[in-house]
Amino acid sequence: MIFHIQDTLVSLDVLEKEFCCDLGTCRGCCCIEGDAGAPLTAEEEQTLQALLPDLLPMMRKEAREVVAQEGVAYNDPTGERVTQIIDGKDCVFARTDNNGWCYCVIERLYNEGKIAFKKPVSCHLYPIRLSEHASFTAVEYHRWDICHCGRVYGKKLHLPLYQFLKEPLIRRFGQEWYNELCLVAEEWKKQSQ
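Residues numbered from 1 in each chain as written. Predicted model: local features only at pLDDT ≥ 70, side-chain atom pairs only at ≥ 80, totals over all residues. Heavy atoms only, no water.

A. Inspection of the pattern of salt bridges at higher detail. In the structure shown here, the tally under the stated rule is 12 salt bridges. A salt bridge links Lys118 to Glu107; the nearest nitrogen and oxygen atoms lie 3.9 Å apart. Of the two residues, Lys118 sits in the loop between α5 (105-111) and α6 (121-125) while Glu107 sits in helix α5, which places them 11 residues apart along the sequence. A relative accessible area of 17% places Lys118 in the buried class. (Salt bridge = Lys/Arg side-chain N within 4 Å of Asp/Glu carboxyl O. Helix = DSSP H or I, 4+ residues; strand = E, 2+ residues; numbered from the N terminus. Buried < 20%, exposed > 50% of the residue type's maximum accessible area, 1.4 Å probe, protein only.)

This is the structure we're talking about:
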């Protein structure tokens, strides 16, 4: 089932699946697992390039070397621009603290009030993934095994994915779009009871 909201097509999973990141269990491993970096818009790539003087001191030595040689982004096998990675998996903007917790240096600086950019919207939206098409954007749930604890925690809290991701959904699509999504979700809930 797909729902048409403004210029997007939203999958039913976005409304029905329950999810809440459980960082206490996963320790942020989505930043250091996988086979490609985080999708970036052209504007985000330019922003990251401009923020490098702030970001580089916090990045791993290997990350600084990759960025110096290849830039902040590359084309993945599908041709999409994504953040650079180290050793075929770790995002260059990821660090691991002394307790084994992974964190994003971009988000850390944002939370400290040192930069105005939180992180790429694709990271902020995860586990929702967007695919851009000529006349619409597909908004879909991406199921990844490493996020099993997020599904368990979301189910425990009875927290629908679209509610967990309220802030990034509004960031990407706006308040009016999100309000419409909530109305669609409520209508669907009534019809499916």
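What follows picks up the thread again.
B. A look at the sheet that holds strand β2 (residues 8-11). As summarised here, the arrangement of the 4 strands in space is β1-β2-β10-β9, forming an open sheet in which the pairing is mixed. The open sheet has two edge strands with one neighbour each: β1 (2-5) and β9 (128-132). Strand after strand, the sheet turns through a mean of 25° between neighbouring axes, direction not considered. Summarising the sheet, β2 and strand β10 (residues 137-141) pair through 3 bridges and their orientation is parallel. Its bridge partner lying in β10, Leu9 is registered against Ala138. Sitting on the sheet, helix α9 (residues 166-173) touches β2, β9 and β10, and the angle it makes with β9 is about 15°. (Pairing = 2+ DSSP bridges. Axes fitted to C-alpha atoms, helices over the stretch in contact; angles between N-to-C directions. Contact = heavy atoms within 4.5 Å.)

C. Up close: the side chain of Thr137. Mapped onto the elements, Thr137 comes out in strand β10. A relative accessible area of 5% means that Thr137 is categorised as buried. Polar contacts involving the side chain of Thr137 include one to the side chain of Glu132, which spans 2.7 Å. Sequence-distant contacts of Thr137, defined by excluding residues within four places in its chain, comprise Asp7, Thr8, Leu9, Leu130, Ser131, Glu132, Arg172 and Phe173. (Polar contact = N/O pair within 3.5 Å; in protein donor to acceptor, adjacent residues only side chain to side chain.)

D. View of the confidence of the model for the chain. On average, residues of the chain score 91 in pLDDT, and 96% of them reach the 70 mark or higher. Model confidence for the chain, summarised as mean pLDDT per element, is weakest for helix α2 (residues 23-26) at 72 and strongest for helix α3 (residues 42-55) at 97. (pLDDT = per-residue confidence, 0-100.)

E. Structural view of the packing of aromatic side chains. A complete count under the given rule lists 4 aromatic pairs for this structure. For the pair Phe19 and Phe164, a centre-to-centre distance of 5.8 Å together with 55° between the ring planes defines the contact as tilted. Of this pair, Phe19 sits in the loop between α1 (12-16) and α2 while Phe164 sits in helix α8 (residues 161-164), placing them 145 residues apart in sequence. What makes Phe164 partly exposed here is its relative accessible area of 25%. On the basis of an interplanar angle of 45° and a centroid distance of 6.5 Å, the ring pair of Tyr162 and Tyr178 is categorised as tilted. A residue pair is termed long-range when its members are at least 10 positions apart, and Tyr162 in helix α8 and Tyr178 in helix α10 (residues 175-191) qualify at 16 residues. (Phe/Tyr/Trp six-rings, centres within 6.5 Å; stacked < 30°, edge-to-face > 60°.)

F. The arrangement of the pairing of β1 in detail. Only one face of β1 is covered, namely the face carrying Phe3 and Ile5; the face carrying Ile2 and His4 is uncovered. Two strands pair when backbone bridges link them, and β1 and β2 are joined in this way by 4 bridges, in the antiparallel orientation. Within the sheet, the bridge partner assigned to His4 lies in β2 and is Leu9. The turn linking β1 back onto β2 is made up of 2 residues, and Gln6 within it adopts a positive phi angle of 50°.

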